[in-house]
Amino acid sequence: MVQGLAFLSKKNFNPQNNTNRKAVWEAEQQKKQERKRALERQEQLKREKDDEELARARDGSRGGNQAALRFMYSAPPGLPPSSGEKTTEEEYGEKPSSAS
C-alpha cells in the first residue's frame with residue numbers, strides 16, 4: 001500500500017479490517033440460521049397440516065377435536081339427571097355409595 005494511504009487500513013469501512021470481516025461472517029451465520037429455522041418451521045407446519053387432514057379423514061365429518069371436546073356437552077358429574085336419562089340405580093341396579 002502507498003505510504004500516504006496506510007491510515008485507510010485502520011478505518012472501520014475497510015473490507016480487509018479483521019473486525020469488519022468478523023462482523024460480515026457473523027451476519028452470514030445469522031442469516032443461515034434464520035433460513036434454517038424458516039425451513040424447519042415450514043416443515044413443521046406441513047406435518048401439522050398433514051396430521052390434521054389425516055385426523056379429519058379418520059374421524060369423518062365430526063372432526064378430530066370434536067371427539068375430544070365431547071365432555072363439554074355432557075352433564076357434569078354432580079348434576080341430577082333430567083327426566084329422559086336413566087339414573088345410576090336404573091343403569092346398574094344398585095344405589096350409589098356415598099363417599100362422605
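Residues numbered from 1 in each chain as written. Predicted model: local features only at pLDDT ≥ 70, side-chain atom pairs only at ≥ 80, totals over all residues. Heavy atoms only, no water.

1. A look at the overall build of the chain
Each helix and strand counted, the chain has three helices and zero strands in total. Along the chain, from the amino end to the carboxyl end, the secondary structure elements read α-α-α. Within the chain, the proportion of its 100 residues that are buried is 6%. (Helix = DSSP H or I, 4+ residues; strand = E, 2+ residues; numbered from the N terminus. Buried < 20%, exposed > 50% of the residue type's maximum accessible area, 1.4 Å probe, protein only.)

2. Some thoughts on a nonpolar patch on the surface
A contiguous nonpolar surface patch, about 520 Å² in accessible area, is contributed by L69, F71, M72 and Y73. Here M72 is to be found in the loop between α2 (64-68) and α3 (88-92). (Patch = residues over 30% accessible without salt bridge, like charges linked within 9 Å, V, L, I, M, F, W, Y side chains within 5 Å. Areas by Shrake-Rupley, 256 points an atom, 1.4 Å probe, with all protein chains shown as cover. Salt bridge = Lys/Arg side-chain N within 4 Å of Asp/Glu carboxyl O.)

3. Comments concerning the confidence of the model for the chain
The predicted model of the chain averages 78 in pLDDT, with 70% of residues at 70 or higher. The element-level mean pLDDT for the chain is lowest in α3, coming to 59, with helix α1 (residues 18-59) highest at 92. (pLDDT = per-residue confidence, 0-100.)

4. Digging into the side chain of N14
Note on placement: N14 falls in the segment before α1. Since its relative accessible area comes to 10%, N14 is described here as buried. Apart from residues no more than four positions distant in its own chain, N14 is found in contact with L8, S9 and N20. (Contact = heavy atoms within 4.5 Å.)

5. Considerations on the pattern of salt bridges
Should the charged atoms of two oppositely charged side chains come close, the side chains can pair. Scanning the entire structure with this criterion turns up one salt bridge. Measuring nitrogen to oxygen at the nearest pair gives 3.8 Å for the salt bridge that ties D50 to K46. Of this pair, D50 and K46 both sit in helix α1, four residues apart, which is roughly one turn of the helix. Relative accessible area serves as the criterion here: at 37%, D50 is assigned to the partly exposed category.

6. Notes on a negative patch on the surface
A grouping of E48, D51, E52 and E53 is seen on the molecular surface, where their side chains present a negatively charged patch. Summarising the element assignment, E52 is placed in helix α1. (Lys, Arg positive; Asp, Glu negative; His and termini not counted. Charge placed at Lys NZ, Arg CZ, Asp CG, Glu CD.)

7. What to know about the side chain of N20
Residue position: N20 is located in helix α1. A relative accessible area of 18% places N20 in the buried class. Polar contacts involving the side chain of N20 include one to the main-chain carbonyl oxygen of N14, which spans 2.5 Å. Sequence-distant contacts of N20, that is, excluding residues within four places in its chain, are made with K11, N12, F13, N14 and P15. (Polar contact = N/O pair within 3.5 Å; in protein donor to acceptor, adjacent residues only side chain to side chain.)

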